[in-house]
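A structural walkthrough
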Amino acid sequence: MASPERIGTKRLVVGAHYGVGEFVIQRVTAVILAIYTVVLFIGILMMPGFTFQAWRDLFTFGVGGFPMGQLLATLAFFSLGWHAWIGVRDIWMDYVKPTGVRLGLQVLTILWLVGSVVYFVVILWGA
Amino acid sequence: MSDRAAKPRPQFKNINVWQLINYRLPLAGQLSILHRVSGAMLFLMLPTVILPLFAMSFTSPQGFAKLAVVTDMWFVKLVLLALLWGFLHHFCAGIRYLALDLHHGLDKHAAKRSAGVVFGVSLGLTVVFGLKLFGAW
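Counting starts from 1 at the beginning of each chain's written sequence and moves along it residue by residue. Whichever chain is written first is A, and whichever ligand is written first is 1; the rest continue in order. Owing to the predicted nature of the model, reporting of local features is limited to residues with pLDDT of at least 70; listing and counting of side-chain atom pairs is limited to 80 or more, with chain, interface and lining totals taken over all residues.

Here the focus is the interface of chain A and chain B. Taken residue by residue, the interface counts 19 residues in chain A and 19 residues in chain B. Elements supplying a minimum of two residues to the side of chain A that touches chain B: helix H1 (20-45), helix H2 (52-60), helix H3 (68-95) and helix H4 (99-125) of chain A. The secondary structure listing takes helices from DSSP runs of H or I that are at least 4 residues long and strands from runs of E that are at least 2 residues long, numbered from the N terminus. Among the elements that line the side of chain A that touches chain B, the one with the most residues is H4 of chain A, at six residues. Gly is placed with the polar residues, together with every amino acid not listed as nonpolar (Ala, Val, Leu, Ile, Met, Phe, Trp, Tyr, Cys and Pro) or charged (Asp, Glu, Lys and Arg). Taken together, the residues of the side of chain A that touches chain B sort by class into 13 nonpolar, four polar and two charged. What counts as a contact is two residues whose backbone-derived C-beta atoms lie within 7 Å of each other.

Put into structure tokens, the structure is as follows:
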């Protein structure tokens, strides 16, 4: 039996947590997104009519003056950003081997996703 | 023996992009690569298609009304259809992966069957919502 940090006989894996954290976070955020999607879909089916106000209410409903809809949508979108980061990072790690190119793509991915999250928050909480 | 006379089966080791065309993946393998493709597609469409449409529909009643005009264009409908399939495949295949992570249906036959179910459900729902999108009902 190999020692925990040695995979096979040749490859020495270094680091603190070997990607387990990302693995777990990808699944936890997946569950959050799946639940939010189903709830949102039920909300759409229960809309009194497809009007502007009913559409907004799906994401902005309040509970006793507290902006619950916006909070849930924001949390779901943060989950989406984190989930997508891990998935896209995995794609670069699988197919792009030169470190510099991979790092560049990862930086672009982060900018793309952080930009998306900020964009969504501005749409949702602004106006 | 006839086994020895038979042509040797092709072997694939570290296949390159061009060999991919001739490489037949099992059903679960097709599901897997499409899970990645659909995820990448959703990632690319997020700030380019999804959020602009959401912003339009969400910020003003005029924008909300304009959404119906924009989504009436056939090429927008095609993009939305691709988006719809991508989301449904990613969603259904993702639920299968969560079940596999919990060690449900890990054996070969169950895994193949669940892959078939995912394709059936995601493509079926794509047709249903697609017909809605193109105004069939």
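Before going further, it helps to spend a moment on the packing of helix H2 (residues 27-59) of chain B against helix H4 (residues 74-101) of chain B. Residues and elements named next belong to chain B. Axis separation between H2 and H4 bottoms out at 8 Å; the angle between their running directions is 130°. Considering their axes alone, H2 and H4 lie oblique with respect to each other. Taken as a pair, H2 and H4 cross one another with a handedness that is left-handed. Together, Leu31, Leu34, His35, Ser38, Gly39, Met41, Leu42, Met45 and Val49 of H2 and Val79, Leu83, Gly86, Phe87, His89, His90 and Ala93 of H4 make up the contact between the two elements. A per-class count over the contact of H2 with H4 returns 10 nonpolar, six polar and no charged. Here an angle of 0 to 180 degrees is reported between the N-to-C directions of two axes, which are lines fitted to C-alpha atoms, with helices fitted over the stretch in contact. Under this scheme an angle from 65 to 115 degrees is roughly perpendicular, one under 35 degrees roughly parallel, and one over 145 degrees roughly antiparallel; angles in between are oblique. When the near helix sits turned anticlockwise from the far one by under a right angle, the crossing is termed left-handed; a clockwise turn instead gives a right-handed crossing.

On to H4 of chain B, then. Turn by turn, an α-helix covers 3.6 residues, leaving residues three or four places apart pointing in a common direction. Between its first and last C-alpha atoms H4 of chain B spans 40 Å; for 28 residues at 1.5 Å apiece the expected length is 40 Å, and the two agree. Buried within H4 of chain B we find Leu84, Trp85, Gly86, Phe87, Leu88, His89, His90, Cys92, Ala93, Gly94 and Arg96 of chain B. Buried positions along H4 of chain B lie against H1 of chain A together with H2 and helix H5 (108-133) of chain B. Where H4 of chain B terminates, the next one or two residues include His103 of chain B, which has phi positive at roughly 65°. Between the first and last residue of a helix there are one fewer steps than residues, each counted as 1.5 Å, and that sum is the expected span. Three exposure classes are used. Buried residues have 20 or more other C-beta atoms within 10 Å of their own C-beta, exposed residues have 12 or fewer, and partly exposed residues fall in between, all C-beta atoms being placed from the backbone.

The next subject is the environment of Ile42 of chain A. Residue and element names in this part refer to chain A. Inspection of the secondary structure assignment puts Ile42 in helix H1. Given 9 C-beta atoms within a 10 Å radius, Ile42 is considered exposed. Measuring from C-alpha to C-alpha, the distance between Ile42 and Gly65 comes to 23 Å, with 23 residues separating the pair along the chain.

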